[in-house]
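Residue-level listing of the chains:
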Amino acid sequence: MIINTNIVATVASNNLKKRTGFVNKTMKKLSSGLRINRASDDAAGLAISESMRAQIRGLHQSSRNAQDGISLLQTADGALASVNDSLHRISELIIQKQNGILQNSDKENILNEMVELLDHIDGITSNTEFNGINLFDGSFSRNVYADDNIPITINNMDLGLYYKENFDDHNKFSQWFPDAGRWSVKNGGLRQGTLGIGDKTILSQVIKDNEMTITVDAEFTSADKDGNVGIIIKGEDFNNQVFGWYSQYGGIYLGERVNGVYRNIGLVGAEAANVGKTYKLSASVVGDYYTFSVEGIGDIKGYSVNSSMVEGYTGVFTAFSEGSFDNYKVIPSITVEDIDKATNRVLSERSKLGAYQNRLEHAINNINNYTENLISAESRIRDADIAKQMTQLAKNQIMLQTSQAILSQANIKPESMLQMLKS
């Protein structure tokens, strides 16, 4: 027997350290809920679970991408729903306007509401944006990345209910006395300079059913004793027309030419026009009833006997002056068939937007299912089995107490050798 080296105590001490380490690891797993807290716990498992975690985070972002795509589609669909409602109302007004018991003034009021609704539609289709991106100008073609790249395209939704003059078509601006003036285009606006006597006319939309409205902004850019700006409504040829004009030296006029013979319909005194000031001109035709007005200056109404207006042209003219025109648009008489075509375009686009949204929603469901399965797989690798760890903890605590007891006994054992020395 020896007393210098206590092998039993050494063994017991080593087992005590091991059991203490096992207890500490088990308690760490229980407190964190994770089986793998550091690479040494399971190096391969850590690498696999971290890869899965990165994939899970990517799937979460893909789901959010799809949700953003749905938000965009809902914005577009909501805007087109408003357009849909406006088109239904315009169709209702067209049918109402055909009622024979209405007076011309009633029809003009109906036309005014139609104009406002057309402005509303034009504003939506021109200005609707999502995150600064225009949705309806025909340029929208993007990919939404969800479970894969999902292409979304939105068509140009200009419904063509306004007839907008093409200011780049120079041939349209020299229909009448082409040698008397010149035309140039700058920044989308038409500028006309006249060098001699004669009217200059911008030809545009044919009147349908003899009912329409035209508006234009006009500006005097120089002074001339015979300067006028106005709107002309022509029939089958230049010898049959109705026109209204605002004189640079005052007065609003309404007149007509029937088979080449001029007849004055009316004259209203008005203040002289100012050079450099923009005037909003408008003219409307309801049957044989004509109205010409200058915003802020006045208007004039009158009855025309011109029977050749059924198939006519509308236009803007200046005489003996220099003028510029911007924001030119013609509002023709719109039929129920026109509205039906526009409505079908809107419904077709809304149907396509709905299909896109359904695809994105299915993509989200697929992503969520995929994410759920990955999370479950990652959990089996990374998370701690609490019941198993509690069993390990109880076992290691018992073994720890046993090691402590054995170490105590091993330390007492050399004392028996001391008794032999005393004897």
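Scroll up for the structure.
From a predicted model like this one, the values you see are computed outputs, not experimental measurements.

About the thresholds
Residues numbered from 1 in each chain as written. Predicted model: local features only at pLDDT ≥ 70, side-chain atom pairs only at ≥ 80, totals over all residues. Heavy atoms only, no water. Helix = DSSP H or I, 4+ residues; strand = E, 2+ residues; numbered from the N terminus. Buried < 20%, exposed > 50% of the residue type's maximum accessible area, 1.4 Å probe, protein only. Contact = heavy atoms within 4.5 Å. Salt bridge = Lys/Arg side-chain N within 4 Å of Asp/Glu carboxyl O. Core = buried A, V, L, I, M, F, W, Y, C linked by side-chain atoms within 4.5 Å. Expected span 1.5 Å × (residues − 1). Axes fitted to C-alpha atoms, helices over the stretch in contact; angles between N-to-C directions. Parallel < 35°, antiparallel > 145°, perpendicular 65-115°, else oblique. Left-handed = near helix turned anticlockwise from the far one by under 90°. Nonpolar A, V, L, I, M, F, W, Y, C, P; charged D, E, K, R; others polar. Pairing = 2+ DSSP bridges.

Visitor: An account of the overall build of the protein is requested, with residue identities and associated values reported.
Guide: Within the protein one finds six helices and 17 strands. For the protein, with 423 residues in total, the buried portion stands at 43%. Residue pairs in contact within the protein that sit at least 24 positions apart in sequence constitute 70% of those at least 6 positions apart.

Visitor: Can you lay out the pattern of salt bridges for me, pointing to particular residues and giving the numbers?
Guide: Summed over the entire model, instances satisfying the criterion amount to seven salt bridges. Residue R89 pairs with E113 through a salt bridge whose shortest N-O separation is 2.8 Å. Highlighted residues: R89 in helix α2 (residues 43–97) and E113 in helix α3 (residues 104–127), separated in sequence by 24 residues. The class of R89 is partly exposed, set by a relative accessible area of 27%.

Visitor: How would you explain the nonpolar core if you had to name every residue and give the values?
Guide: Counting 49 residues, the largest nonpolar core has L87, F136 and L159 as the members making the most contacts within it. Secondary structure elements with two or more residues in this core: α2, α3, β4 (149–153) and α4 (336–382). Counting residues per element, this core draws most heavily on α2, which supplies 16 residues. When neighbours within four sequence positions are excluded, L159 is seen to be in contact with V83, L87, I121, A342, R345 and V346. Counting residues in each nonpolar core, the second largest holds 22 residues, with I214, I231, A273 and V294 among its members.

Visitor: Give me the lowdown on the side chain of E378, citing residues and values where you can.
Guide: In this structure, E378 sits in helix α4. Among all residues touching E378, those that are not within four sequence positions of it are S49, M52, R53, I56 and D383.

Visitor: Break down helix α1 (residues 7–32) for me, citing the residues and quoting the values.
Guide: Taking 1.5 Å of rise per residue, the 26 residues of α1 would be expected to cover 38 Å, and the 38 Å separating its terminal C-alpha atoms lies within 8% of that figure. Where α1 is concerned, the buried positions are A9, A12, L16, R19, V23, T26 and K29. If you follow the buried residues of α1, they end up packed against α5 (386–412). Following α1 by one or two positions, G33 has its phi on the positive side, about 80°.

Visitor: A description of unusual backbone geometry should follow, citing residues and the corresponding values.
Guide: In this structure, N131 is a non-glycine residue whose phi angle is positive, near 55°. Here N131 falls in the exposed class, since its relative accessible area comes to 72%.

Visitor: Mind laying out the packing of α2 against α4, listing which residues take part and the relevant values?
Guide: In the contact formed by α2 and α4, the axes pass within 8 Å of each other and the chain directions differ by 165°. On the basis of the axis angle, α2 is roughly antiparallel to α4. Every pair of crossing elements has a handedness; the one defined by α2 and α4 is left-handed. Classifying every residue of the contact of α2 with α4 gives 31 nonpolar, 16 polar and eight charged.

Visitor: Can you tell me about the packing of α1 against α5, naming the residues and giving the values?
Guide: Where α1 contacts α5, the two axes come as close as 8 Å, and the packing angle between them is 155°. By the criterion of interaxial angle, the relationship of α1 to α5 is roughly antiparallel. Where α1 crosses over α5, the handedness of that crossing is left-handed. When the residues that make up the contact of α1 with α5 are grouped by side-chain class, the tally is 16 nonpolar, 11 polar and two charged.

Visitor: Let's hear about the pairing of strand β3 (residues 141–145): which residues, and what values?
Guide: Note: β3 against β4, five bridges, orientation antiparallel. Across the sheet, residue Y145 finds its bridge partner in β4, namely N149. Between β3 and β4, which pair antiparallel one after the other, the connecting turn spans three residues.

On their own, these measurements won't tell you what the molecule is for.
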